[in-house]
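The residues making up each chain are set out below.
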Amino acid sequence: MNALSEIARVLEEGSPEARAALATDPAAPPEALYYLMTDSVPGIRAAVAANPSGPHQSFATLASDDDQAVRQALATRLATIAPGLPPGQQDRVAQLAWAALARLADDIVEDIRATIADAVKDLPDAPRAMMLALAQDVSLRVAEPVIRLCPLLTEEDLLGLVAAPPVAATLTAIARRPAISETVADALASTGDPATITALLGNQTAAIRESTLDALVVQAAEHTAWQAPLVRRPDLPPRSALALARFVAEELLAPLAERRDFAPDITTRIRSAVAGRLAGTPRPGETAADAAARASVLLRAGVLDEATMVRASRGGEAPFVTAALAGLAAVPQDTVDHAVTTRCQKSLAGLCRRAGLSDAAAESVVALLAPAPPATATLSIAPSLVGDGELQWRIEALARAAAR
């Protein structure tokens, strides 16, 4: 009996196991697979759908199969070939494949629609009607990759989705789409939806008008989630940056002051605002950790200066001064803490010199952190008297002691 006769026998009277083996065989004749696509056993039909040699004439039938597993198997197979498909009007096989993909993109099962959406999300030759349908899907898992990446969606398509989103999360998906236009950004901002606007501000490729940014900056005082993406937004208008410096969370002041894309006068004004907010008196209930954080922000912003150190020392802000001295001297906090604990005036004076403080400023710092005995009228250790070599071994000794 030759091979074709054996195949015919299997098709006519073979067991389900034999038919399944034939259905999974990539070398099986297309005619046999076409015959098996209507087999009474769903698993056999699913095997045909998954077989890379399955004839393209079977696509339509399998895409409409009553069994979910069959349709899922075909969706998975078509997803692998979709990136290489030409436009449907150019090729008969592509036409049948795109038609089946469109049918599966409208399947009642979310997993199947998601499989198709993920496969075609960025394909320029996909049928436009199918892509619009996927973008309008009520499942964000299906719609989101298409909304973000499909090159076929126009500005008008996006505006239509903003005006009538299938689900609320559709708006955030649009807000994350690369390079959306000012018109689309305006429409998203006008929704007033906090999550959408947060996503829009975080999309650094989105084009947002200065007037829109100005309006959002005003609202950011209450919508704190908008502050971080605003501070890091490229092309932030100077007036918006100055406004943000007056109210953003303290941990965002340093990144704002560190920006290098503003004119020098704007940078100076931003840093002045940072200093004005953080270099004053301690906050009510401020902990040592809070004081250290405040000093760190000032240091990063470049406004932790001698005047601030003197004012804080005279105000008795020991935790702040200790952290600030460690930052300015570029030594671990433990090193300064140990010098304070041991009341080592000479080490502290040397650290003040390393921090770039004048003798007068150093006197204020040392007087706070290691005050002289009551009988001593003035401090006897000037920073200039602590040489580089001595300072280095003192720092190393302090570090070793702190480690113990």
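Keep in mind that what you see is a predicted model, and the values were worked out from it rather than measured.

**A few points about the nonpolar core**
- Membership of the largest hydrophobic core comes to 128 residues, with the highest contact counts inside it found for V120, I270 and L325.
- Residues within four places of V120 in sequence aside, it is in contact with A82, W98, M130, M131 and L134.

**A closer look at unusual backbone geometry**
- Here the phi dihedral of D235 falls at roughly 55 degrees; this positive angle occurs in a residue that is not glycine.
- Here D235 lies in the loop between α16 (227–231) and α17 (238–245).
- One non-glycine residue, R343, adopts positive backbone phi at about 55 degrees.
- Its location among the elements puts R343 in the loop between α23 (333–341) and α24 (345–354).
- With relative accessibility at 51%, the residue R343 sits in the exposed group.

**Section: the environment of I7**
- Position of I7 among the secondary structure elements: in helix α1 (residues 3–13).
- Distance in space between the C-alpha atoms of I7 and A324 is 85 Å, their sequence separation being 317 residues.
- Not counting residues up to four positions away in its chain, the partners in contact with I7 are L22, P29 and A32.

**Observations regarding helix α20 (residues 288–301)**
- If you check α20, its first and last C-alpha atoms are 20 Å apart, about what 14 residues at 1.5 Å a residue would give, namely 20 Å.
- Residues of α20 that are buried: A291, R294, A295, V297, L298 and A301. The buried residues of α20 occupy an angular sector of 160 degrees when the element is viewed end-on, so they sit on one face. The exposed set on the far side of α20, more than 90 degrees from its buried face, consists of A288 and A289.
- Contacts made by the buried residues of α20 are with α18 (253–257), α19 (264–278), α21 (306–314) and α22 (318–329).
- Downstream of α20 by one or two residues, G302 has phi in the positive range, about 80 degrees.

Analysis parameters
- Residues numbered from 1 in each chain as written.
- Predicted model: local features only at pLDDT ≥ 70, side-chain atom pairs only at ≥ 80, totals over all residues.
- Heavy atoms only, no water.
- Core = buried A, V, L, I, M, F, W, Y, C linked by side-chain atoms within 4.5 Å.
- Buried < 20%, exposed > 50% of the residue type's maximum accessible area, 1.4 Å probe, protein only.
- Contact = heavy atoms within 4.5 Å.
- Helix = DSSP H or I, 4+ residues; strand = E, 2+ residues; numbered from the N terminus.
- Expected span 1.5 Å × (residues − 1).
- Arc of directions from axis to C-beta.

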